[in-house]
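Architecture at a glance
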Amino acid sequence: MLKKHSNLAFFIPHLGCPYKCVFCDQVNIYGERRYPSIETVRQTCEEYLPEKSDTTEIAFFGGSFTAIPRNMMIGYLQTAFPFVQEGRANGIRISTRPDYIDRDILSILKKYGVTSIELGAQSMDDKVLELNGRGHSSQQVKDASRLITECGFSLGLQMMLGLYGVEDPFEDSMKTADAFISLHPDTVRIYPTLVVDNTELARLWEKGDYVPLDLDSAVMISAKLMRRFRENKIKVIRVGLHSEMSLQQQTLAGPFHPAFGELCESLLCRNQIEEALDGVKEATVYCSPRLLSKVKGQKKSNLEYFNQKGITLQVIPSDEVNSLTVVHP
Ligand code: SF4
């Protein structure tokens, strides 16, 4: 049986960030958060980590961990590392910018038990990166990724779809996915671009210079990306932003849905069934119980979809099936 991975996560905002990504307002996205104190990190680890765990990581998220003041970064790591040494967590995960990775930084991270590094790459098109004010190039993503892998860390890459300045969201996403695949990440995260209040993107949207993806297109592209990554044995660990209340309140436009990942998984199931049907009008779908709601779709939308096409499906959950299998009569 697979053991479920979990993160004990701390959000480290980059309050003094010198960059100006058009889509970003970290305070709005994550609420009025401040840096957690070292003592808060220690107490939280003490309280929430189990006695022993080989499936829990201590995570420092926020996207710029190696760009915050160095003494602060080391302070967090020095606090978290003893819990890894005691076996209460099996490693430390961080997320950061590709231009804040070099051999010196990696040797510090290694010394304090960091095992996984996620890079906010967002796109592998330099023009798109520039238009979105990212302040790094696709070459820096490639260089940082190779260094991370070479130094023995697990590599994660994060991408966004529907960014400002993208001419063809589908093509841009697939190109970014292919560039990611060539870098052999262990994990990816996929985020649709949202228009958050008080950002440059909000101003562009108000002027009519930016049109966000609609929900159906974002789900369709994300599902294709998930499939491509999975075919290349890359784990998709997140699709869509967390449905935090502050994010919902601050989102002015864009393909936000509280169960975005579930919608994508449902579409993947629908596509898989449709391909297996191969024109047949009646079939039985056996699926793992964990996939049942996705096979049926949100509010049974997949069953409705096939029904409207005159296709009769019987869906049966089965412990014998790992994913889903379609049997024709
Ligand atoms: S997303 Fe961009 S602007 Fe926001 S914290 Fe990260 S680097 Fe800075």
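Residues numbered from 1 in each chain as written. Predicted model: local features only at pLDDT ≥ 70, side-chain atom pairs only at ≥ 80, totals over all residues.

When helices and strands are tallied, the chain shows 13 helices and twelve strands. Radius of gyration (C-alpha) of the chain: 21 Å, near the 20 Å computed for a compact globule of 329 residues. Taking the principal axes of the C-alpha coordinates as reference, the chain spans close to 65 × 55 × 35 Å. Here the chain, with 329 residues, has 40% of them falling under the buried criterion. Considering only intrachain contacts with a sequence separation of at least 6, the fraction spanning at least 24 residues in the chain is 79%. (Helix = DSSP H or I, 4+ residues; strand = E, 2+ residues; numbered from the N terminus. Rg over C-alpha atoms; globule rule 2.2 N^0.38 Å. Buried ≥ 20, exposed ≤ 12 C-beta atoms within 10 Å, placed from the backbone. Contact = placed C-beta atoms within 7 Å.)

The subject of this paragraph is the site of the ligand. Around the ligand, the surrounding shell holds ten residues, and the nearest of these are His14, Cys17, Tyr19, Cys21 and Cys24. In the shell around the ligand, the residues fall into four nonpolar, four polar and two charged. (Near = placed C-beta within 6 Å. Nonpolar A, V, L, I, M, F, W, Y, C, P; charged D, E, K, R; others polar.)

Moving on, we come to the sheet that holds strand S10 (residues 282-287). The three strands lie next to each other as S11-S10-S12, forming an open sheet whose pairing is mixed. Every other strand in the sheet has two partners, leaving strand S11 (312-317) and strand S12 (324-327) as the edge strands with one partner each. Neighbouring strand axes in the sheet, compared pairwise and without regard to direction, differ in orientation by 20 degrees on average. Alignment of S10 against S12, held across four bridges, turns out to be antiparallel. Paired with tyrosine 286 across the two strands is threonine 325, which belongs to S12. Here helix H11 (residues 260-277) sits on the sheet in contact with S10 and S12, set at roughly 30 degrees to S12. (Pairing = 2+ DSSP bridges. Axes fitted to C-alpha atoms, helices over the stretch in contact; angles between N-to-C directions.)

Take phenylalanine 180: it is sitting in helix H7 (residues 169-182). For phenylalanine 180, a count of 24 C-beta atoms within 10 Å translates into the label buried. As for phenylalanine 180 and serine 145, which are separated by 35 residues in sequence, their C-alpha atoms are 9.3 Å apart. Look past the residues within four positions of phenylalanine 180 in its chain and what remains in contact with it is Leu157, Met159, Pro185 and Val188.

What follows is about the pairing of S10. For a regular strand, side-chain orientation follows a simple rule: the groups alternate between the two sheet faces. Across six bridges, S10 lies against S11 in parallel orientation. Of the residues in S11, the one forming a bridge with cysteine 287 is proline 317.

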